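# Geometric and topological summary
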Amino acid sequence: MAKGTRKFRDCDADFRKICADIESRNFSPIYLLSGEEPYFIDVISDKIANTVLNEAERAFNQIVIYGRDTDGGAIASQCRQVPMIGGYTVVIVKEAQAMPQLEQLAAYTANPIPSTILVICHKEKSPDKRQSLYKSCLANGVVFESIRPKDYEIKDWLGGFVAQHGLQLAPNCAQLLVDHLGTDISRIGNEINKLIVSIPQGCSLITATEIETYIGISKEFNIYELCRAVATKDIRRAMSIADHLAQNPKQTPLLLIIMALFGTFREIFIVEYLRWLERVKRVQFPTDQELLGHLKGSNIYALRDIKSYSSLWARPKLFNILGLLREYDGKSKGIDTGGKSDGELLKELLLKIFI
């Protein structure tokens, strides 16, 4: 795939195929797992560690090495060892990006031993694709590049992740989770896994009640409800939620709140702009499916809300609000705060939006 064209959905599809192959015991002699999103790398590495060998075989034939403690030559020597029992030797290299002389491994990856499964976890970035190590791993094994999702991609991934476990999210629950947890899919995955093992047997629909009970996100006082209150100009409700969120700033950082508000008002602005084009330029207003494409969303229920909200806001005011959110994005990162706490900054921002 050409540089710059690989998308998060491609990454997720590759991840699922690799996991399916491992589960069916269709192993590769080499796995080069690299990139900026650690979640996929950790899951694939753990799946190999728990699948290839049974518990007795792991004690003899599975070794985990950290990159800072070794070099390419030493790992190659480990990979050439014959399994003491069973059919495979598994060598897992964690934090390979910290390994000196990593390129030395190319001598082994150019001619790997079928009875050895080498897993190279190279987080934060990908190895140099021009060098022999990358090329030989690509030729003789599985090369996986992990990509972080964009804000607009996370909800679709979350819905698919839950569906893999035979469950479904109630409308707006994906947004509730994303607003609270951000786009850190490692954190989201961990929280959803806790929820899956906690919900009663036979429960297939995850609602705000389950999320509040098993993850701890209040179904009344959360970022999603704050965005809803602000978008509907319910100042009393918005300030009440802001008071609640300010009591636990570590759980709901100001930056996450501002990102969610910006996303909401960005969508309101797009819908209002399209209505302006219809009024002034006689451009036909898009259908719901076309509008979902403009908003890069997939939730028809959320779309109906956004269309309703947009009728409450004039375009000049929306320009002003988007400018305010950019200003307070900087304040949430410590720029020109005037010594105010995050809770005080949030209330100040809301007052400026309403006034």
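Residues numbered from 1 in each chain as written. Predicted model: local features only at pLDDT ≥ 70, side-chain atom pairs only at ≥ 80, totals over all residues. Heavy atoms only, no water.

### Focus on the pattern of salt bridges
Using the criterion set out here, one finds 15 salt bridges in the structure. Here E37 makes a salt bridge to R148, at a shortest N to O gap of 3.8 Å. Of this pair, E37 sits in the loop between β1 (30-35) and α2 (38-51) while R148 sits in the loop between β5 (142-146) and α7 (154-163), and the two are 111 residues apart along the sequence. One salt bridge connects E272 with R279, and the closest N-O pair in it is separated by 3.2 Å. (Salt bridge = Lys/Arg side-chain N within 4 Å of Asp/Glu carboxyl O. Helix = DSSP H or I, 4+ residues; strand = E, 2+ residues; numbered from the N terminus.)

### Concerning the nonpolar core
Grouped together as the largest cluster of nonpolar side chains are 49 residues, with contacts concentrated most on W157 and L158. The residues contacting W157, other than those within four sequence positions of it, are F8, D12, Y39, F40, I185 and I188. In terms of nonpolar packing, the next biggest core, distinct from the first, is built from 44 residues, V271, L318, I353 and F354 among them. (Core = buried A, V, L, I, M, F, W, Y, C linked by side-chain atoms within 4.5 Å. Buried < 20%, exposed > 50% of the residue type's maximum accessible area, 1.4 Å probe, protein only. Contact = heavy atoms within 4.5 Å.)

### Remarks on the environment of G67
You can see G67 is positioned in the loop between β2 (62-66) and α4 (72-79). Exposure remark for G67: the relative accessible area of 0% places this residue in the buried category. For G67 and D288, which are 221 residues apart along the polypeptide, the C-alpha to C-alpha distance reads 51 Å. Excluding residues that lie within four positions of it along the chain, G67 makes contacts with K94, E95, A96, A98, M99 and P100.

### Observations concerning the packing of aromatic side chains
What the rule picks out here adds up to 12 aromatic pairs. Measuring from centroid to centroid gives 6.0 Å for Y39 and W157, while their planes differ by 85 degrees, and the two rings are edge-to-face. Of this pair, Y39 sits in helix α2 while W157 sits in helix α7, placing them 118 residues apart in sequence. Members of the aromatic cluster, joined through ring pairs, are F8, F15, Y39, F40, F144, W157 and F161. Here the basic side chain of K233 rests over the ring of W313, its NZ or CZ set 4.5 Å away from the ring centre. Seen from the ring of Y152, K296 lies directly overhead, with NZ or CZ sitting 4.5 Å from the centre. (Phe/Tyr/Trp six-rings, centres within 6.5 Å; stacked < 30°, edge-to-face > 60°. Lys NZ or Arg CZ within 6 Å of the ring centre and 35° of its normal.)

### Regarding unusual backbone geometry
Phi is positive for E124, which is not a glycine, with a value near 80 degrees. Tracing the sequence through the fold places E124 in the loop between β4 (116-123) and α6 (132-140). On the basis of relative accessible area, E124 is assigned to the exposed category, the value being 62%. Residue D336 is not a glycine yet carries a positive backbone phi of 55 degrees. With respect to the secondary-structure elements, D336 resides in the loop between α16 (315-332) and α17 (342-354).

### Quick word on a positive patch on the surface
Together, K7, R9, K150, R266 and K296 line one region of the surface with positive charge. Note that K7 resides in the segment before α1 (8-23). (Patch = residues over 30% accessible without salt bridge, like charges linked within 9 Å, V, L, I, M, F, W, Y side chains within 5 Å. Areas by Shrake-Rupley, 256 points an atom, 1.4 Å probe, with all protein chains shown as cover. Lys, Arg positive; Asp, Glu negative; His and termini not counted. Charge placed at Lys NZ, Arg CZ, Asp CG, Glu CD.)

Everything listed here is a matter of geometry and, on its own, says nothing about what the molecule does.
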